[in-house]
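Fold and contact review
Here are the chains, one letter per residue:
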2 protein chains.
Amino acid sequence: MFAPNPVSSSVMENIIRTASTAPSGAHRQPWTFVLIGDTETKRAIRIAAEDEERQNYDGGRLPPDWREALEPLGTDADKSYLEVVPWIVVLFEQRYGIRPDGSRFKNFYVKESVGIAAGFFVTAVHQAGLATLTHTPSPMAFLTRLFYRPENERPFALFPVGYPADNCEVPDLRRKTLDQVMVQPE
Amino acid sequence: MFAPNPVSSSVMENIIRTASTAPSGAHRQPWTFVLIGDTETKRAIRIAAEDEERQNYDGGRLPPDWREALEPLGTDADKSYLEVVPWIVVLFEQRYGIRPDGSRFKNFYVKESVGIAAGFFVTAVHQAGLATLTHTPSPMAFLTRLFYRPENERPFALFPVGYPADNCEVPDLRRKTLDQVMVQPE
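Cut-offs applied
- Residues numbered from 1 in each chain as written.
- Chains lettered and ligands numbered in written order.
- Predicted model: local features only at pLDDT ≥ 70, side-chain atom pairs only at ≥ 80, totals over all residues.
- Heavy atoms only, no water.
- Contact = heavy atoms within 4.5 Å.
- Buried area = accessible area lost by both parts, 1.4 Å probe.
- Polar contact = N/O pair within 3.5 Å; in protein donor to acceptor, adjacent residues only side chain to side chain.
- Helix = DSSP H or I, 4+ residues; strand = E, 2+ residues; numbered from the N terminus.
- Nonpolar A, V, L, I, M, F, W, Y, C, P; charged D, E, K, R; others polar.
- Phe/Tyr/Trp six-rings, centres within 6.5 Å; stacked < 30°, edge-to-face > 60°.
- Buried < 20%, exposed > 50% of the residue type's maximum accessible area, 1.4 Å probe, protein only.
- Salt bridge = Lys/Arg side-chain N within 4 Å of Asp/Glu carboxyl O.
- Pairing = 2+ DSSP bridges.
- Least-squares fit on C-alpha atoms with pLDDT ≥ 70 in both.
- Axes fitted to C-alpha atoms, helices over the stretch in contact; angles between N-to-C directions.

Some points on the interface of chain B and chain A
Facing 53 residues of chain B, the contacting portion of chain A comprises 53 residues. Around 4800 Å² of area is buried between chain B and chain A when both sides are counted, 63% of it from carbon and sulfur atoms. Here chain B and chain A share 20 residue pairs in polar contact (both at pLDDT 80 or more) between them. Put simply, the parts of the chain that give the side of chain B that touches chain A at least two residues each are α1 (9-19), β1 (31-36), α3 (64-70), β2 (87-94), α5 (110-127), α7 (178-181) and β7 (182-183) of chain B. Counting residues per element, the side of chain B that touches chain A draws most heavily on α5 of chain B, at 10 residues. For the side of chain B that touches chain A, the class distribution of residues is 28 nonpolar, 14 polar and 11 charged.

In structure tokens form, the structure reads like this:
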């Protein structure tokens, strides 16, 4: 859970500027950050995200192996933090580009590029003394509709950004050790 | 171009530890960082990467739209920095997991997760006062073979890490402005 304490929009803009310095395939910068701070839109996101997540968690839509993987994390369909947190950023990837005349051009290594920008984004949030989490309400198509994004864009992830609530609980995650994630050839 | 100045392996280990704190789908941490510091292996990577890139740039394998996109960046098949730089890190994504008994399990949002870890990696390199770049020698399958990585792993990107050479040149990249990458719904 996040605290309702406000965060200035200039901080959010600088975080997005920082994320947008990420390297990208052929320097296409194939990303769009949608920044949401108003109560009504945050509420609309919460309602739509919880609707999808209820179908996942309570309606049995989540495949068994996915449900099993999430169980230790204690996640559920309650996304009330989306209404409490001062900012939500929805990151979209541009699967291809569209020229002013409407013709398309290819983007390269889109997921990789937007992923690196997302990593820059999370790091910048932390460097600003704030907290975030990665939320991928599945399926995410409602985000494309909600923000009238063009047909070349797909949601990558949703990031609530703010201060953690005083009483917030986080999962007690154990990380892989260095020798589990790093290999040195002999 | 990078400088040949050495960087201690403990710095590299801390950078990889940092990258590995990235969030990931169902906390699978589906990444492997291969750390290469020895001359012979760096040379083998350079030879294989340049062979692929020569087919791309000089042999006409690169599709015309890709060639056009890269032209302003001035990239070519010369990857001599791979032999000069003190460290190369090859990041692999684990498309699925393999249990000790050989059975498979599903990973979730693999590209997104590994992308965020790559973003953390690049940021950590910068915070350590070092330089890197993202290199995706296409196709990258030779990296899987070179390091005997298991069948569930695919190369995500290759990162040379070190100090920039005194005389190094970088492309004069212009970035999109804030209003080109950020949208605020009305």
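A few points about the packing of aromatic side chains
With the rule as written, the count across this model stands at 10 aromatic pairs over all chains. Note on F108 of chain A and W66 of chain B: the rings are 5.3 Å apart at their centroids and 20° apart in plane angle, and the pair reads as stacked. With F108 of chain A in the loop between β4 (104-106) and α5 (110-127) and W66 of chain B in helix α3, this residue pair bridges two chains. Centroid distance F2 of chain B to Y81 of chain B: 5.9 Å. Interplanar angle 55°. Geometry classified as tilted. Here the residue F2 of chain B occupies a position in the segment before α1, and Y81 of chain B occupies one in helix α4 (residues 81-84), the gap between them amounting to 79 residues. The exposure class assigned to Y81 of chain B is buried, which follows from its relative accessible area of 11%.

Notes on the environment of A141 of chain A
Among the secondary structure elements, A141 of chain A is positioned in helix α6 (residues 141-146). In this structure the C-alpha to C-alpha distance between A141 of chain A and P155 of chain A, which are 14 residues apart in sequence, comes to 7.2 Å.

What to know about the pattern of salt bridges
A pair can form between side chains of opposite charge whenever their charged atoms are brought close. Residue and element names in this part refer to chain A. Taken as a whole, this structure holds 20 salt bridges over all chains when the rule is applied. Note that E50 is salt-bridged to R46, the shortest N-O span being 3.1 Å. Taken together, the residues span about one helical turn, with E50 and R46 both in helix α2 (residues 39-57) at a distance of four residues. Residue class for E50 comes out buried when judged on its relative accessible area of 9%. Two residues, R61 and E52, come together in a salt bridge whose shortest N-O distance is 2.9 Å. The partly exposed category is assigned to R61, whose relative accessible area is 34%. Through salt bridges that share partners, R43, R46, E50 and E83 make up one connected network.

Overview of the pairing of strand β6 (residues 153-162) of chain B
Residue and element names in this part refer to chain B. Buried residues dominate β6, accounting for nine of its 10 residues. For β2 and β6, the ladder comprises eight bridges, and the chain directions are antiparallel. Residue pairing in the sheet places Q94 in a bridge with E153 of β6. When strand β5 (residues 131-132) meets β6, the two strands line up antiparallel, connected through two bridges. Bridge pairing links T132 to V161 in β6.

As for the relation of the copies chain B and chain A
Here chain B sits on chain A after a turn of 180° about the axis and a move of 0.0 Å along it, with an RMSD of 0.0 Å. On this basis, the relationship between the two copies can be described by a two-fold rotation axis. The share of interface residues of chain B whose copies in chain A are also at the interface is 100%, consistent with both copies meeting through the same surface.

A word on the sheet that holds strand β5 (residues 131-132) of chain A
Taken together, the five strands give an open sheet; going across it, the order is β5(A)-β6(A)-β2(A)-β1(A)-β7(B), and neighbouring strands pair in mixed fashion. Strand pairing shows two members of the sheet lacking a second neighbour, β5 of chain A together with β7 of chain B, which therefore form its edges. Contacts from α2 of chain A reach β1 (31-36), β2 (87-94) and β6 (153-162) of chain A within the one sheet, and its direction differs from that of β1 of chain A by about 110°.

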